[in-house]
Amino acid sequence: PDPNVAGMPKSLLLLLLPLLAACAIPELAISYYENVPCHLLQQLLDAYDKAHVTVWCGNYSMWHQNVVDAFKDGKGGPDLAVYDSQWLGEFVDQKYLLDVTDLVKNYTTRYFQMDYFGVWPAGSDSYYGFGITGNNYMLVLREDIFNKYNFSWRFSDWNDLLEAARFFKSNTSENFDYGFVATWCGNFDACYDEMACTLMQMFLSFGGDLWDAKSYKIKGVLDSTRNEQAMKLGLSLLETCQPKGCADMHFDKVIHALCYGESPLGMLWVFFGPAFLNETVCPMKNKLHFISVPKGEQGIGVLGGQGLGIMCVPLQKVV
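A. Expanded view of helix α12 (residues 251-259). Within the sequence span of α12, burial applies to F251, V254, I255, A257, L258 and C259. Where α12 is buried, its residues meet β5 (137-142), α10 (194-205), β6 (265-269) and β7 (288-292).

Now the structure itself:
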């Protein structure tokens, strides 16, 4: 198996084994979306010819809808689903996920943010999923280019990053298409929450937020001065994509721009790190450097990730 698979897919296999033994039909299907870890999981399972496990790597923009449709239909749907953390409440309320409290109660401290990905309602003792991936943003940059121009990549704040993006975008010697790339795609049908996550990282860095989680207040929080500052910074970074534009900049395009020398600087989820580790698909592999995003006023970053749930309907069909 590919060594880049690391621990996540192996932990999934450990979960699959007792489920396989309990099923009358020793076959399972996992629903995920099109990304490097999904394909690595497929490769890993290919090495276990007795596993009888199928992994579906579907279109990202249809990830949520595909899982919901499978639940509602109850025919040929996945037995296990990797879900985005913000869907947990919806899936539990719709009775899509199996209550796994008894299964995980002795292991809750061993999973990254287990409560965040598995507990519903929040603060209760009921678990409906397993936290399998934790995630945050990183900066990817061309170390050779930064060194060539004696430009520091140790950004003290976002304004330092913006200065670098503007410098390299205007540098006619290198002729970069972009000064800074990120998931700027705002088409929800095509890109889901990619632009929202990019902006959320900036909001939190400036001490802003989307709402007050205790009072559920939005007015005065979403439109705060700190969020306004973050938005202005975001727009300035977006301008370094001109004239080519980044309005359709999806995960894959960010990776391509960094791997093929179109941009010397970009921001992406750490989750996609394996995409930069193969020189065949990323010619700039040996020239890239990875660091954390600027700390900002509050030193807070976006935490993302996914959970794994056991789907009720498919299991009912085989018990």
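B. A look at a nonpolar patch on the surface. Together, L210, W211, Y216, I218 and L222 line one region of the surface with nonpolar side chains, adding up to about 520 Å² of accessible area. Of note, W211 is situated in the loop between α10 and α11 (225-239).

C. Region of interest: the packing of aromatic side chains. All told, the structure shown has 25 aromatic pairs when counted by the stated rule. Centroid distance Y32 to Y33: 5.5 Å. Interplanar angle 85°. Geometry classified as edge-to-face. Members of the aromatic cluster, connected to one another through ring pairs, are Y32, Y33, Y60, W63, Y83, W87, F91, Y96, Y192, F251, F271 and F272. Sitting over the ring of W153, R154 keeps its end group 4.3 Å from the ring centre.

D. Representation of the packing of α10 against α11 within the structure. Two numbers describe how α10 lies on α11: the axes approach to 8 Å, and their chain directions differ by 130°. Between α10 and α11, the angle is such that the two are oblique. In this structure, α10 crosses over α11, and the sense of that crossing is right-handed. Taken together, the residues of α11 that come into contact with α10 (itself represented by L199, M202 and F203) are N227, A230, M231, L233, G234 and L237. For the contact of α10 with α11, a count of residues per class yields seven nonpolar, two polar and no charged.

E. How the structure looks around the state of the cysteines. Applying the stated criterion to the full structure yields four disulfides. Here C185 pairs with C191 through a disulfide, and the sulfurs are 2.2 Å apart. Its torsion about the S-S bond being 80°, the disulfide of C185 and C191 is classed as right-handed. For the pair formed by C185 and C191, the shared burial category is buried. One disulfide in the model links C259 with C282; its S-S distance is 2.1 Å. In this structure, the disulfide formed by C259 and C282 twists by about -95° around the S-S bond and is classed as left-handed. With C259 in helix α12 and C282 in the loop between β6 and β7, the pair connects residues that are 23 residues apart, well separated along the chain. The two residues C259 and C282 agree in class, both being buried. In the protein chain, the bonded cysteines, taken in the order they occur along the sequence, pair up as 1-2, 3-4, 5-6, 7-8.

F. Representation of unusual backbone geometry in the model. Cis geometry marks the peptide bond from W120 to P121; its omega dihedral reads -5°. That bond from Q242 to P243 is cis: its omega, 5°, falls within 30 degrees of zero. As for its position among the elements, P243 is in the loop between α11 and α12. In the Ramachandran plot, N150 falls in the positive-phi region, its phi being about 50° despite a non-glycine side chain. Along the chain, the position of N150 falls in the loop between α7 (143-148) and α8 (158-169). Note on N150: relative accessible area 72%, which makes it exposed. Unlike most non-glycine residues, Y216 shows phi in positive territory, near 65°.

Cut-offs used in this document
- What you see as residue numbers is a count from 1 along each chain, following the sequence as written.
- pLDDT decides what is reported in this predicted model: residues at 70 or higher carry local features, side-chain atom pairs at 80 or more are listed and counted, and totals for whole chains, interfaces and linings draw on all residues regardless.
- For side-chain calculations, the full set of non-hydrogen atoms in the structure is used, while hydrogens and water are omitted.
- Residue exposure (1.4 Å probe, protein chains only): buried if accessible area is under 20% of the type maximum, exposed if over 50%, otherwise partly exposed.
- Here a helix means four or more residues in a row that DSSP labels H or I, a strand means two or more in a row labelled E, and each is numbered from the N terminus.
- We call two residues in contact whenever any of their non-hydrogen atoms come within 4.5 Å of each other.
- What makes a patch is a set of residues exposed beyond 30% relative accessible area and free of salt bridges, joined within 9 Å when like-charged and within 5 Å when nonpolar (Val, Leu, Ile, Met, Phe, Trp, Tyr).
- All accessibility values rest on the Shrake-Rupley procedure with a 1.4 Å probe; residue burial counts only the protein chains present in the view.
- For salt bridges, the criterion is a side-chain nitrogen of Lys or Arg within 4 Å of an Asp or Glu carboxyl oxygen.
- Aromatic contacts are taken between Phe, Tyr and Trp rings whose centres are within 6.5 Å, Trp giving its six-membered ring; a plane angle under 30 degrees counts as stacked, one over 60 as edge-to-face, and the others as tilted.
- When the NZ atom of lysine or the CZ atom of arginine is within 6 Å of a ring's centre and also within 35 degrees of its normal, the charge is said to sit over that ring.
- Every angle, taken between N-to-C directions, lies between 0 and 180 degrees, and every axis is a line fitted to C-alpha atoms, over only the stretch in contact when it is a helix.
- Just so you know how the angles are binned, under 35 degrees is roughly parallel, over 145 roughly antiparallel, 65 to 115 roughly perpendicular, and the rest oblique.
- What makes a crossing left-handed is the near helix being turned counterclockwise from the far one by less than a right angle; a clockwise turn instead makes it right-handed.
- Residues are grouped as follows: Ala, Val, Leu, Ile, Met, Phe, Trp, Tyr, Cys and Pro are nonpolar; Asp, Glu, Lys and Arg are charged; every other residue, Gly included, is polar.
- Note on disulfides: each one is a pair of cysteine sulfur atoms within 2.5 Å.

Read these as layout, nothing more, since geometry by itself doesn't imply function.
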